[in-house]
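Each chain, letter by letter, is given below.
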Amino acid sequence: QVQLVESGGGLVQAGESLRLSCSASGRTFGSYAMGWFRQAPGKEREFVAAVSRDGITNYADSVKGRFTISRDNAKNTVYLQMNGLKSDDTADYFCAAARWPSGWPMTDASKAAYWGQGTQVTVSS
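Attention in this report is confined to the structure presented alongside it. Every value quoted in this text rests on a predicted model; they were computed, and no experiment measured them.

**Examining the pattern of salt bridges**
As a working rule, side chains carrying opposite charge can pair if their charged atoms are close by. Considering all chains together, one arrives at 4 salt bridges under this definition. Arg 66 is the partner of Asp 89 in a salt bridge, and the nearest nitrogen-oxygen pair spans 2.8 Å. With Asp 89 in the loop between strand S8 (77-82) and strand S9 (91-99) and Arg 66 in the loop between strand S6 (57-59) and strand S7 (67-72), this pair connects stretches of sequence that are 23 residues apart. One network of salt bridges, in which partners are shared, links Arg 38, Glu 46, Arg 66 and Asp 89.

Below, the structure is given as structure tokens:
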């Protein structure tokens, strides 16, 4: 069992940055692929970024070059650095953990075995 808790969301202006954090419980964090998904009002949950247990990353085309995912296995934490935020990035952001290797490349929400409760990001233009 893995419990995930996100933090770092908020209200920012377009062009600004935010860093989301996701802290995981359990001693097996390093064996999971970790990812971020988002869901805007009235839309389906969509893939944002993922990082394998070995540090391989994968991004949605809409965030490539602006967002960076990273993980610190010693701290059981995964981060999402979001730069150059746009109004289209406004959504609830969810951290997810997927079992390795069946859950990789983790571009589909169905690959996730565990979810956080979400953190809201609002970008005003």
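**Digging into the packing of aromatic side chains**
Taken as a whole, this structure holds 4 aromatic pairs when the rule is applied. Seen in terms of ring centroids, Phe 37 and Trp 115 are 5.2 Å apart; in terms of plane orientation they differ by 65°. Their pairing is edge-to-face. Taken together, the residues span a long stretch of sequence, with Phe 37 in strand S4 (residues 32-39) and Trp 115 in strand S10 (residues 114-115) at a distance of 78 residues. Look at Phe 37 and you get buried, because its relative accessible area is 0%.

**Some details on the sheet that holds S8**
If you trace the 4 strands from one edge of the open sheet to the other, you get S1-S3-S8-S7, paired in antiparallel fashion. In this open sheet, the two edge strands, each paired with only one partner strand, are strand S1 (4-7) and S7. On average, each strand axis in the sheet is inclined to that of its neighbour by 15°, with strand direction left out of account. Bridge analysis of S7 against S8 gives 6 bridges, and the strand direction is antiparallel. The residue bridging Phe 67 from the neighbouring strand is Met 82, located in S8.

Criteria and thresholds
Here, residues in each chain are numbered from 1, in the same order as that chain's written sequence. The predicted nature of this model means local features are confined to residues of pLDDT at least 70 and side-chain atom pairs, given and counted, to a pLDDT of 80 or more, with totals for whole chains, interfaces and linings taken over all residues. By convention in this description, side-chain values take in all heavy atoms of the structure and omit both hydrogens and water. Salt bridges are defined by distance alone: a side-chain nitrogen of Lys or Arg within 4 Å of a carboxyl oxygen of Asp or Glu. To qualify as a helix, a DSSP run of H or I must reach at least 4 residues; to qualify as a strand, a run of E must reach at least 2; elements of each kind are numbered from the N terminus. Geometry of aromatic contacts follows a simple scheme: Phe, Tyr and Trp rings, the Trp one being its six-membered ring, pair when their centres are within 6.5 Å, and the pair is stacked under 30 degrees between planes, edge-to-face over 60, tilted otherwise. When a residue's accessible area, from a 1.4 Å probe over protein chains only, is under 20% of the maximum for its type it is buried; when over 50% it is exposed; and in between it is partly exposed. Two strands are counted as paired when DSSP detects at least two bridges linking them. Under this scheme, a helix contributes an axis fitted over its contacting stretch, all axes are lines through C-alpha atoms, and angles between N-to-C directions fall in the 0 to 180 degree range.

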